[in-house]
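Given next are the chains, with one letter for each unit.
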Amino acid sequence: MNYAVIGTGYWGSNHVRVATELAEEGTIDDVILCDLDEDRLDDLASSYGVRGVTDYERLPELGVEAATVSTPSPTHHRIATDLLEAGIDVLVEKPLAIDSEDAWDIVDTAAEHGRTLAVGHIFRHHPALVDLKRRIDRGELGRIKYLSTSRFSFRAPRETTGALYSLGVHDVDISNYLLGEQPEQVYCSLDDAVREGIDETATLVMEYDGATSVINESWQVPVFGKRRDLVVVGSEKAAYVDYLEDNVIELYDSRVVERDGAMSVRDEGKQVYEAPNREPLRAEIAEFIDASRGEATLRSPGHVGARAVELLEYATRSAETGNTVGVAASDRAEGTSERADPARLESDGSGTDPDSDGVA
Ligand SMILES: NC(=O)c1ccc[n+]([C@@H]2O[C@H](COP(=O)([O-])OP(=O)(O)OC[C@H]3O[C@@H](n4cnc5c(N)ncnc54)[C@H](O)[C@@H]3O)[C@@H](O)[C@H]2O)c1
């Protein structure tokens, strides 16, 4: 399999590193780089000893069968559509597109052409989160009541996308992934006091059937250095994940008990577990390659990425109106109207925190 990485900038260069490692190991044959920036392309191509082209439309003639698209988000729709129509399977970085119409259009194009479409919701491959998901699914935490996540740092806001689309896109999807359902209502507040039109702080409350997810994203909190973490509170146990530690998960056995009409706290302490460690990006790309060969189920197929973009639009509407917005139930969000792949098996990847400042 010849594999291309289109867009070799900040994040795409990580895709290049992983793809070349997979080529060295023999998982894929050749890696071909594509970027409009010739200097960047030449530097990377010569340092990895691979070919580079500036025009992605040349990739089919070079025998490319699967590709990462890690170009700026507004270009995803055009590039992903052209590649899918040319018969290439694609892993598109998140957000899949900047509006849901384009995102679902990419999903439809993949289905029409029988191609594999993955979206780079990398936290679905984060080792601690994968472990937490397993524990939630087997009922270890009881009924999940509350999730609270924070991504704080102090930096100049990006010029193109704000905190909601850069950071919130991760946590909206993580909430859905962990709870295994879609929110019924979304409230969102956005602040753009620093760079007009680019939110530096995004605060979301997503209401699920019986659970609330509170999402705090900000590039204007100098208090913690960089903080990226998650608390999940269940009726039996609570969990804490610090995303900056790839594979550590803390479980708290604490609850309020009632005896003789009085409430008190019973605290059995915390347990710390280490999940098997694996770089998330490597797990994501390896799974995509396996899925492209019909040998794996995608954790983050196209409909997951499209639904995340859709939820960001609900959040934006809430921020614009100042009201909580009801979320329409969607069969498509569950993937039920997507192409069924007969040869899907669950793969067992996990991985690393991708977020660094300047990143999503
Ligand atoms: N999964 C994650 O955690 C994560 C982290 C960071 C970024 N991202 C996503 O990755 C994507 C890229 O982000 P970035 O920070 O690396 O951006 P970047 O600006 O550093 O890099 C983008 C690259 O794409 C190239 N490019 C633009 N148009 C092109 C075209 N038509 N053909 C070929 N190359 C083209 C540019 O020359 C540039 O080198 C974005 O969608 C972003 O949201 C995801």
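Caption draft 1: Structural detail: the environment of glutamine 271. Mapped onto the elements, glutamine 271 comes out in strand β14 (residues 262-274). Residue classification places glutamine 271 among the partly exposed residues on the basis of a relative accessible area of 35%. The sequence separation of glutamine 271 and isoleucine 249 amounts to 22 residues, and the corresponding C-alpha distance is 8.4 Å. Not counting residues within four places of it along the chain, the set of residues in contact with glutamine 271 comprises Lys237, Ile249, Glu250 and Leu251.

Caption draft 2: Quick look at the pairing of strand β10 (residues 212-218). Among the 7 residues of β10, 5 are classified as buried, and the element is accordingly described as predominantly covered. In this structure, strand β7 (residues 144-152) lies alongside β10, joined through 7 bridges in parallel fashion. When the sheet's bridge partners are listed, leucine 147 is paired in β10 with serine 213. Taken together, the 7 bridges between strand β9 (residues 201-207) and β10 define a ladder with antiparallel strand orientation. Among the inter-strand pairings, threonine 203 is bridged to a residue of β10, identified as asparagine 216. Counting the residues that bridge the hairpin from β9 to β10 gives 4 residues, and of these glycine 210 lies at a positive phi of roughly 90°.

Caption draft 3: Up close: the confidence of the model for the chain. Averaged over the chain, the pLDDT score is 91; the fraction of residues at 70 or greater is 92%. In this model, residues 337-360 is a region of pLDDT below 50 whose contacts with residues beyond four sequence positions or in other chains number 94 contacts.

Caption draft 4: Up close: helix α2 (residues 38-48). Taken together, the buried positions of α2 are Leu41, Leu44 and Ala45. Buried residues of α2 fall within an arc of 100° about the axis and therefore sit on the same side. Exposed residues lying more than 90 degrees from the buried face of α2 are Asp39, Asp43, Ser46 and Ser47. You can read the cap of α2 off the contacts: a side-chain oxygen lies 3.1 Å from the backbone nitrogen of aspartate 39, and it is on aspartate 37. The first or second residue beyond α2 is glycine 49, which carries a positive phi of 65°.

Caption draft 5: Region of the structure containing the sheet that holds β7. One open sheet accounts for 9 strands, arranged β14-β13-β12-β11-β7-β10-β9-β8-β15; its pairing is mixed. Strands with a single pairing partner mark the edges of an open sheet, and in this sheet they are β14 and β15 (325-326). As judged from the 5 bridges shared by strand β11 (residues 227-234) and strand β12 (residues 238-242), these two strands associate in the antiparallel manner. Within β12, the position partnered with aspartate 229 by the bridge is aspartate 242. Sheet contacts for helix α8 (residues 302-321): β8 (185-191), β9 and β15; angle to β8, the most-contacted strand, approximately 65°.

Caption draft 6: Structural context of the pairing of strand β6 (residues 117-120). The alternating pattern of β6 places Leu117 and Val119 and Ala118 and Gly120 on opposite faces, both of which are buried. The pairing of strand β5 (residues 89-93) with β6 spans 4 bridges and is classified as parallel. Paired with valine 92 across the bridge in β6 is valine 119. Once you follow β5 into helix α4 (residues 100-112) and on to β6, the crossover reads as right-handed.

Caption draft 7: Spatial organisation of the packing of helix α6 (residues 163-179) against α8. Axis separation between α6 and α8 bottoms out at 9 Å; the angle between their running directions is 115°. Where α6 crosses over α8, the two elements pack in a sense that is right-handed. When α6 is examined against α8, the residues Leu164, Tyr165, Gly168, Val169, Val172, Asp173 and Asn176 are found in contact with a partner set consisting of Val304, Ala308, Val309, Leu311, Leu312, Glu313, Ala315 and Thr316.

Caption draft 8: Structural view of the packing of aromatic side chains. By the definition in use, this model includes 4 aromatic pairs. Between tyrosine 3 and phenylalanine 288, the ring centres sit 6.1 Å apart and the planes meet at 75°, which makes this aromatic pair edge-to-face. Placement of the pair is tyrosine 3 in strand β1 (residues 2-6) and phenylalanine 288 in helix α7 (residues 280-292), with a sequence separation of 285 residues. Classification of tyrosine 3 by relative accessible area gives buried; the value is 0%. The exposure class of phenylalanine 288 is buried, given its relative accessible area of 0%. Pairing phenylalanine 152 with phenylalanine 224 gives two aromatic rings, centres 5.8 Å apart and planes at 10°, and the pair type is stacked. Note that phenylalanine 152 is positioned in strand β7 and phenylalanine 224 in the loop between β10 and β11, a separation of 72 residues in sequence. Take phenylalanine 152: its relative accessible area is 14%, and that puts it in the buried class. Lysine 133 extends its terminal NZ or CZ atom over the ring of tyrosine 177, reaching a point 5.4 Å from the ring centre. Its guanidinium or amino end placed over the ring of tryptophan 219, arginine 155 lies 4.8 Å from that ring's centre, counting from NZ or CZ.

Conventions adopted
- Every residue gets a number counted from 1 within its own chain, in the order that chain's sequence is written.
- The predicted nature of this model means local features are confined to residues of pLDDT at least 70 and side-chain atom pairs, given and counted, to a pLDDT of 80 or more, with totals for whole chains, interfaces and linings taken over all residues.
- In computing side-chain properties, one takes all heavy atoms of the structure into account and sets aside hydrogens as well as water.
- Starting at the N terminus, helices and strands are each numbered in turn, a helix being any DSSP run of H or I of at least four residues and a strand any DSSP run of E of at least two.
- The rule is simple: take the accessible area with a 1.4 Å probe, protein chains only, and divide by the maximum for that residue type; under 20% is buried, over 50% is exposed, in between is partly exposed.
- Whether two residues touch is decided by their heavy atoms; if any such pair falls within 4.5 Å, the residues are in contact.
- The pairing criterion for strands is at least two bridges between them, as found by DSSP.
- Along the chain, pLDDT gives the predictor's confidence residue by residue, from 0 to 100.
- Arc, as used here, means the arc of the directions from the helix axis to the C-beta atoms.
- Any N or O atom pair separated by 3.5 Å or less is treated as a polar contact, with the protein-specific requirement of one donor-capable and one acceptor-capable atom, and with residues adjacent in sequence counted only for side-chain atom pairs.
- Axis definition: a line fitted to C-alpha atoms, over the contacting stretch in the case of helices. Angles run 0 to 180 degrees between N-to-C directions.
- Handedness of a crossover: with both strands directed away from the viewer, a clockwise path from the first strand across the helix to the second marks it as right-handed.
- If you view the pair so one helix is near and one far, a crossing is left-handed when the near helix is turned anticlockwise from the far one by less than a right angle, and right-handed when it is turned clockwise.
- Aromatic pairs are defined between Phe, Tyr and Trp rings, using the six-membered ring for Trp, whenever the two ring centres lie within 6.5 Å; interplanar angles under 30 degrees are classed as stacked, those over 60 as edge-to-face, and all others as tilted.
- Two limits define a charge over a ring: the Lys NZ or Arg CZ must be within 6 Å of the ring centre, and within 35 degrees of the ring normal.

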